[in-house]
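# Observations on the three-dimensional arrangement
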Amino acid sequence: MKTNLKKVECDPKCGFSIKSHDEKEIIDIAIKHAKKFHDMAITEKDVREMMKDA
Ligand SMILES: [Zn+2]
């Protein structure tokens, strides 16, 4: 589903951010990022709470 441009930013110390029109893509990439770089298991709900309009 296409939406307005959204973004998710990781911790400023990490500096990772992602922007997309595709929420699914953001959720997918953010979950993988958290797992790979922070050894954190986050959920779709967590990512949605972090999501802002870009
Ligand atoms: Zn990060």
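Look up: the structure comes first, before these words.
Before going into details, it helps to say that this report is about the structure given with it. (Residues numbered from 1 in each chain as written. Predicted model: local features only at pLDDT ≥ 70, side-chain atom pairs only at ≥ 80, totals over all residues. Heavy atoms only, no water.)

## A word on the environment of D39
- Mapping D39 onto the fold places it in the loop between α1 (23-38) and α2 (44-50).
- Residue class for D39 comes out exposed when judged on its relative accessible area of 69%.
- Through-space distance from the C-alpha of D39 to that of I18 is 18 Å; in sequence the pair is 21 residues apart. (Helix = DSSP H or I, 4+ residues; strand = E, 2+ residues; numbered from the N terminus. Buried < 20%, exposed > 50% of the residue type's maximum accessible area, 1.4 Å probe, protein only.)

## Structural notes on the coordination of the zinc ion
- The protein atoms that coordinate the zinc ion are C10 (SG), C14 (SG), H33 (NE2) and H38 (NE2), at distances of 2.0 to 2.2 Å.
- Its 4 donor atoms give the zinc ion angles of 104 to 115° at the centre, a pattern that matches the tetrahedral case.
- Positions of the donor residues of the zinc ion along the chain correspond to the pattern C-x3-C-x18-H-x4-H.
- Using a relative accessible area of 30% as the deciding quantity, one classes H38 as partly exposed. (Donors = N, O, S within 2.8 Å, 3.2 Å for Na, K, Ca; no water. Tetrahedral: all angles 85-135°; square planar, octahedral: opposite > 155°, others 65-115°.)

None of this, on its own, says anything about what the molecule does.
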